[in-house]
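# Structural features, examined
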Amino acid sequence: KSELKTELLQLERQKMADLIEKSKKLAAYSAVDENLKPNHKVIGIGSGSTVVYVAERVGQQSNKSELVCIPTGFQSKQLIIDNGLKLGSLEEFASIDIAFDGADEVDSQLNCIKGGGACLLQEKLVADSADNFIIVADYRKNTGILGKSWTKGVPLEVVPAAYNKILKQLTELGGKAQVRSGLPAKAGPVITDNGNFIIDCDFSQVEASKVKELNDKIKAMVGVVETGYFVGMAQKAYIGNADGTVSTLK
Ligand code: 5RP
């Protein structure tokens, strides 16, 4: 009996995983199909598992040989190469026509939490350089208010020497902060592509109208390189729903 229960549970989990995967693909394909225009030649490709489908769709464009893609990290670089796209850099292109990226959470005003994959600094550089910044995500990320989901709060990239001071300051600001560690934990802190640490800080739920104020306070702490709050940067978010539809948030 218990074997049957375990099997049913596994089937249920697989069904859920398939649904999430389908909704990621749906969001990514819709976002590319509706927003990538013939005059867009420099494209930002973000990080994470949803962006895999963005790179796949961009790689299917008939004019792909004319496109240059700017990555937000190592994984993203690999995605660009694997899909036969041309790799560029922010050093070569000061502005990007359109950038697509995933998100850990999106609120009602399109503020996002990003940085689950520790690439938030490059992601923000690319988003900031882009004329159009489009979020792609599955339905679990559409939380309405930031801080509602299962994530550990907002990721912050900090200079290693400043981590302890910043942990104290974040606690004083009302957050529950911890340095992100690698796997296994005894391997020590996660080191970003820029040689910094990541602190995850849980501020519980933050109203959309308060995100900017909180972000400004964190950014003012000496040693904070960048935060995973993307305030008012996205023009649209494509959310793949569990019922096979896509919602566009603007
Ligand atoms: C990485 C990110 C990702 O875009 C974010 O974590 C979403 O990832 P996924 O598409 O796998 O859910 O910000 O730093």
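Owing to the predicted nature of the structure, the values given are computational and were not obtained by experimental measurement. (Residues numbered from 1 in each chain as written. Predicted model: local features only at pLDDT ≥ 70, side-chain atom pairs only at ≥ 80, totals over all residues.)

### Remarks on the packing of helix H2 (residues 51–58) against helix H3 (residues 74–82)
For the pair H2 and H3, interaxial distance at closest approach is 9 Å and the crossing angle is 30°. One finds that H2 runs roughly parallel with respect to H3. For the pair H2 and H3, the crossing hand works out as right-handed. Only Ser 76, Leu 79 and Ile 80 of H3 make contact with H2, whose side of the interface consists of Val 51, Val 52 and Ala 55. Among the residues forming the contact of H2 with H3, the class breakdown is 5 nonpolar, 1 polar and no charged. (Axes fitted to C-alpha atoms, helices over the stretch in contact; angles between N-to-C directions. Helix = DSSP H or I, 4+ residues; strand = E, 2+ residues; numbered from the N terminus. Parallel < 35°, antiparallel > 145°, perpendicular 65-115°, else oblique. Left-handed = near helix turned anticlockwise from the far one by under 90°. Contact = placed C-beta atoms within 7 Å. Nonpolar A, V, L, I, M, F, W, Y, C, P; charged D, E, K, R; others polar.)

### Focus on the site of the ligand
Around the ligand lies a shell of 17 residues, among which Gly 48, Ser 49, Gly 102, Gly 116 and Gly 117 are the nearest. In terms of residue class, the shell around the ligand is built from 4 nonpolar, 9 polar and 4 charged. (Near = placed C-beta within 6 Å.)

### Quick word on the pairing of strand S14 (residues 236–240)
Counting buried residues along S14, 4 of its 5 residues qualify, which places the element largely inside the surrounding structure. Examined bridge by bridge, strand S7 (residues 130–138) and S14 share 5 bridges and lie parallel to one another. Paired with Asp 138 across the strands is Gly 240, a residue of S14. Relative to strand S15 (residues 246–249), S14 runs antiparallel, the two being bridged by 4 bridges. Opposite Gly 240, over in S15, you have Val 246 as the bridge partner. Adjacent in sequence and paired antiparallel, S14 and S15 are bridged by 5 residues, among which Gly 244 carries a positive phi angle near 85°. (Buried ≥ 20, exposed ≤ 12 C-beta atoms within 10 Å, placed from the backbone. Pairing = 2+ DSSP bridges.)

### Re the sheet that holds strand S5 (residues 105–107)
Pairing within the open sheet is mixed, and its 4 strands lie in the order S8-S5-S6-S13. Looking at the sheet topology across the chains shown, the edges are occupied by strand S8 (142–144) and strand S13 (229–230). In this structure, S5 lies alongside S8, joined through 2 bridges in parallel fashion. Looking at the pairing, Val 106 lines up with Asn 142 of S8.

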